[in-house]
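Structural overview for review
This is what each chain is made of:
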Amino acid sequence: MINNFTCRFCGNPLQHTFVDLGMSPLANSYLNKEQLLQMEPFYPLHTYVCDKCYLVQLAEFQSPENIFSDYAYFSSYSDSWLQHAKDYTDHMIKRFGFNEDSQVVEIASNDGYLLQYFKEKNISVLGIEPAENVASAAVAKGIPSIVKFFGTKTATELAGQKKHADLLLGNNVLAHVPDLNDFISGLKILLKTEGIITMEFPHLMKLIEENQFDTIYHEHFSYFSFITVNKVFASHGLRIFDIEQLPTHGGSLRIYACHADNSSRPREKRASDLIEKENKIGFNKIEFYSTFGEKVKETKRKILDFLIREVRNGKVFAGYGAPAKGNTLLNYCGIRQDFIDYTVDRSPHKQDHALPGVRIPIHNPSKISETRPDYLVILPWNLKDEIINQMTHIRDWGGKFVVFIPEVTVIE
Ligand SMILES: [Zn+2]
């Protein structure tokens, strides 16, 4: 045995490494000026895969209270994410006919970026959000929000207040849940007899295919294939009847679930097809998971090769964005101000802070025009097109864009 960890879903001992990214700080712990004079805690960023249920996972080193209670991520700062939320709302109303009599409940509702669109249609909404600072931004927009973590306890309280959901949704929350079984049991409790659950989370298949190892960070406890998430829901009396594969976050799955005994929702063909596809690729065999780690090491060597060559040639690098995934990548590769002078972010909550671990300073995007770097490294590569559109003026001085994932790519 190489550790004492057991699978957070099935309890089986974990002995197979998926990828080991060494020691890393919590990806969302941006440093202020006082913290720059202090030490930082680093935790192992070592993912395992369970050989019984194939859940890829990280152990829990920090309680969710520590991680999420003062969260720096405000969803409304991304234009494309807002558009995604609006499109989702229209799609759900059209497909399932939600109306003034429906109750929509969102888990990890953030600053109300999504529920605002249901509210516009006079649909009753409720947000559940553990970070008080982002929840108050939602309340200020008129989105009722309670500051809580979701699980059987919160679900039972809300069920007692007759807040059962016709639509129960969570985007980018399932992966962040340490007590997975308690969370899914909570969904079962809060869902109306005929209710619909949708959850979106990064798809492990895309993570592997597109080499997205930087989407691994401590706040992200679980990495799901469809075959595994199916098992998890089924074990709690829920049934996934449909899926959509989305481009968000580099490739996400949206699953549609209902109570297992709800016969009005037969399984759609695209859900069965995806199970077949994953089995064919090898997601149901432990050997399949053993090759990813070496691929990641080689990616690091290539990124450093590129940076060392260009910096020696006198080129100047700046970053764009300060996403959690950037912190994983920069810490794993050991990229500090010896390669990237600074990064910028539109969120005022991140500006005048530094990235955890590597301590690269975060400035307002206007800094880019002042210093005219040769290369702008786009850290949130999933928002690449949006950022290139916003920053196209760097071409005036011959600046080029770079992304590191899936591999080093210079965009002229
Ligand atoms: Zn397991």
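Residues numbered from 1 in each chain as written. Predicted model: local features only at pLDDT ≥ 70, side-chain atom pairs only at ≥ 80, totals over all residues. Heavy atoms only, no water.

Let us look at the sheet that holds strand 9 (residues 222-223). Read from one edge to the other, the open sheet built from four strands follows the order 1-2-3-9, with strand pairing classed as antiparallel. Every other strand in the sheet has two partners, leaving strand 1 (16-24) and strand 9 as the edge strands with one partner each. Two elements, strand 3 (residues 56-57) and strand 9, share two bridges in a ladder whose sense is antiparallel. Across the sheet, Val56 pairs through a bridge with Tyr223, a residue of strand 9. (Pairing = 2+ DSSP bridges. Helix = DSSP H or I, 4+ residues; strand = E, 2+ residues; numbered from the N terminus.)

Every protein donor of the zinc ion is accounted for by Cys7 (SG), Cys10 (SG), Cys50 (SG) and Cys53 (SG), and the metal-donor separations fall at 2.3 to 2.4 Å. Here the zinc ion binds four donor atoms, and the angle range of 100 to 122° at the metal identifies the geometry as tetrahedral. Here the donor residues for the zinc ion map to a single chain with the spacing C-x2-C-x39-C-x2-C. A residue pair is termed long-range when its members are at least 10 positions apart, and Cys10 in the segment before strand 1 and Cys53 in the loop between strand 2 (43-49) and strand 3 qualify at 43 residues. Given the relative accessible area of 28%, Cys10 is considered partly exposed. (Donors = N, O, S within 2.8 Å, 3.2 Å for Na, K, Ca; no water. Tetrahedral: all angles 85-135°; square planar, octahedral: opposite > 155°, others 65-115°. Buried < 20%, exposed > 50% of the residue type's maximum accessible area, 1.4 Å probe, protein only.)

One turn of the α-helix equals 3.6 residues, which is why residues spaced by three or four share an orientation. Buried within helix 4 (residues 132-140) we find Val134, Ala135 and Ala138. An end-on view of helix 4 places all buried positions within 100° of arc, on one side of the element. Helix 4 presents Glu132 and Ala140 as exposed residues on the side facing more than 90 degrees away from its buried surface. Taken together, the buried residues of helix 4 touch strand 6 (145-146). Immediately downstream of helix 4, the backbone of Gly142 shows phi near 85°, a positive value. (Arc of directions from axis to C-beta. Contact = heavy atoms within 4.5 Å.)

Let us now look at the nonpolar core. Membership of the largest hydrophobic core comes to 103 residues, with the highest contact counts inside it found for Leu187, Met199, Phe233 and Ile335. The leading source of residues in this core is helix 10 (residues 292-312), at six residues. Beyond its immediate chain neighbours, meaning those up to four positions away, Phe233 contacts Leu174, Ile184, Leu187, Met199, Leu238, Ile240, Ile255 and Ala257. Grouped together as the second largest cluster of nonpolar side chains are 23 residues, Val125, Ala138, Leu167 and Cys258 included. (Core = buried A, V, L, I, M, F, W, Y, C linked by side-chain atoms within 4.5 Å.)

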